[in-house]
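What follows is the residue order along each chain.
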Amino acid sequence: MTEVSTHPTPAQLADATWEEILPRYDALASVELSADDPAGIETWLETWNALDVALVEASQLANVAYSIDTTDPAKEEAYLRFSGQIGPRASEQRVRLASKLLDTGYTRPDLETALRRFRTDQEIHRAENVALEQETQALQAKYSKITGGMTVKWRGEDVPLPRLNPFMQDPDRPTRESAWRLQFAPYIDTKEEIDTILDDQIELRQQIARNAGFENYRDYTFAAKHRYDYTPADCFSFHDAVAETFVRANQRRHARRKELMQLDTLRPWDLTPDPLGRPALKPYSDIEDLNSRAETIFTRVDPVFGTYFATMRKEELLDLESRKGKRPGGFCTSFPYRKRPFIFMNAAGTASDVRTLLHEAGHAFHGFESAANLDLLMQRYYGSEMAEVASMSMELLAAPYLHRKDGGLFEDGDFERGAIEHLEGILAIFAWVATVDAFQQWLYTAPDALDHKARDAKWIEIWSRFDPDTDWEGLEAERLARWHKQLHIFLYPFYYIEYAIAQLGALQVWRNALKDQAKATADYRVALALGGSKPLPELFAAAGARLIFDAEGMAELVELIEGQIATLEA
Ligand SMILES: [Zn+2]
């Protein structure tokens, strides 16, 4: 056998099977560690990290290669080997090494947040839950299979549901209405089946929580998701504050929309199309144009961001345009061995593509800043709240530079329209997050959560609180089907309020930038560079923000957004 390097390259692991990788983790697990020898522990950490960065990069290279070309069987094989076999087993090995580290009692300030996570994971881990987790995953797969395969007949053609999206924005009201109604038809047809999946999920998840010593799955999830800095009670304050602030702002926007559209009532299909009936924005025609203008925009936000984006262009770390054979959607991932991010998208010329690119670039810059500043992968785990502060802030920081006269993408008029759409979307999202979060809290704390009638009634009650003025007359079945369509409830329970927490952070970064852009972007960069090496409130504070669950904090930001919209409308 050839000697195995303790510092492999991603290329050396590209074709490896799990049997070839496991001995590397075994070797790390068998090293003698002692608190009396901190230098020995540091060397061990560095060796563990070297294996993880190479393995993660090899896995992400396979992921990207397959995402770009799903038709190549060799790429598919590599992707499935990493995601299905190697990934979950490597995660188990990391838990094993983390326990070993905890046993030594070793700590240092910039590892405290990582050690705290490891400790929680160890405390809530129960061997008997492994099989239950697998059962929940099977139910998740069942939900994905049913909903992923849904098609509808649209203008004589069988089409998957996402194909209806452009028609829901159509200037013609009857077209919008048909598309909007049709998206729920397959959910209405499978209501029983989806309800039963959730029943089984709730029972399993509550059992998992009780096994781990928690009263219910909500409390278990707060621990499992490492929510150290806010509680269920904070989330209830958040719901009340949203009802007092964002919901009222939405009502004001709806009143204006009704006026512009000359309608007596707003039906659900009237809420998002352009109120003046203009065709969709087309801000660019070719991808090189988008790339070079994006670089100009980032440079204007901060020259350092322009440099990062130039690096991504030069090193081919972008695959943006929609092509046959590519996977749908968009994401930003990282190659930790090279300390580089990668952005994958399916851009087709729309305004939302531009926003997606700004968003993913925020994630990419987070990757650049934290990888340059922190040696260990475990220090760069920042959780979704902070991750989305990075990306949502970039959407807002870049917004002033999107005009063509500044090297951006939008002509006069389109610039204002795009900015208003963005800000209105931000106002609207809070009410929806509060609805989904309040409903999920109820699902795992109410005694009658398995009673389908009670569940549906609760959904309507909660949603009405946060959307008091849309006209739902005669749309009862669609209104109920809406929560069956919210995949987070089934696939990522409780993952939702993070978006709103992050958006409030991003709005504060933006508020600061409107006063002093240089200082605001400098603070933002400091926060990104901290990765996950500090607790969430400290990361927010570094960015010039705080965690907001109160009406006062929200009211300030609502006022700012409405003021900006008024200026854009003038
Ligand atoms: Zn994101």
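Preceding block: the structure.
The paragraphs below set out a description of the structure included in this document. Sequence order sets the numbering: in each chain, residues are counted from 1 along the sequence as written. Residues qualify for local features only when their pLDDT is at least 70, as the model is predicted, and side-chain atom pairs are given and counted only at 80 or more; totals for whole chains, interfaces and linings, by contrast, use all residues. Computation of side-chain values covers all heavy atoms of the structure but excludes hydrogens and water.

A positive phi angle is found at histidine 226, which is not glycine, with a value near 55°. We count a stretch as a helix when DSSP gives it H or I for four or more residues in a row; a strand needs E for two or more, and each element gets its number in order from the N terminus. Residue placement: histidine 226 occurs in the loop between helix H11 (217-224) and helix H12 (232-244). Residue lysine 339 is not a glycine yet carries a positive backbone phi of 55°. Tracing the backbone shows lysine 339 in the loop between strand S4 (331-335) and strand S5 (340-347). When a residue's accessible area, from a 1.4 Å probe over protein chains only, is under 20% of the maximum for its type it is buried; when over 50% it is exposed; and in between it is partly exposed. What makes lysine 339 partly exposed here is its relative accessible area of 32%.

When four donors bind a metal tetrahedrally, each ideal donor-metal-donor angle is 109.5 degrees, and when six bind octahedrally, the ideal angles are 90 or 180 degrees. Only nitrogen, oxygen and sulfur atoms qualify as donors, and only when within 2.8 Å of the metal (3.2 Å in the case of Na, K and Ca); with water excluded, sites may look incomplete. Bound to the zinc ion on the protein side are His359 (NE2), His363 (NE2), Glu388 (OE) and Glu388 (OE), at distances that span 2.1 to 2.5 Å. When the donors of the zinc ion are listed by position in the chain, the intervening gaps give H-x3-H-x24-E. On the criterion of sequence distance, the pair formed by histidine 363 in helix H16 (residues 351-373) and glutamate 388 in helix H17 (residues 383-398) is long-range, its members being 25 residues apart. Given the relative accessible area of 12%, glutamate 388 is considered buried.

Moving on, we come to the nonpolar core. Buried Ala, Val, Leu, Ile, Met, Phe, Trp, Tyr and Cys residues that are joined via side-chain atoms within 4.5 Å together make up what is termed a nonpolar core. Within the largest apolar cluster, 147 residues are counted, with the highest numbers of intra-cluster contacts made by Phe238, Val242, Phe298, Ile343, Phe365 and Phe430. Considering each element in turn, this core owes the most residues, 16 residues, to helix H18 (residues 414-443). Beyond its immediate sequence surroundings of up to four residues, valine 242 is in contact with Val247, Phe430, Ala431, Ala434, Phe466 and Met554. Listed in part, the 32 residues of the second largest apolar core include Trp18, Ile21, Ala29 and Leu51. A contact between two residues is defined here by any heavy atoms of the two lying within 4.5 Å.

Glancing now at the sheet that holds S5. Pairing between sheet strands relies on hydrogen bonds along the backbone, with the strands arranged either parallel or antiparallel. Here we have 3 strands laid out as an open sheet, ordered S3-S5-S4, and mixed in their pairing. The open sheet has two edge strands, strand S3 (318-321) and S4, and neither has a second partner. This sheet shows a mean twist of 15° between the axes of neighbouring strands, independent of strand direction. Two strands form a pair only when DSSP identifies at least two bridges running between them. Relative to S5, S3 is paired through 3 bridges, and the arrangement is parallel. Counted as the bridge partner of glutamate 321 is alanine 347 from S5. Contacts between helix H14 (residues 287-301) and the sheet are confined to S3 and S5, with S3 contributing the most and set at about 125° to the helix. A fitted line through C-alpha atoms serves as each axis, taken over the contacting stretch for helices, and the angle formed by two N-to-C directions is quoted from 0 to 180°. Relative to S5, helix H15 (residues 303-314) is tilted by about 75°, and along the sheet it contacts S3 and S5.

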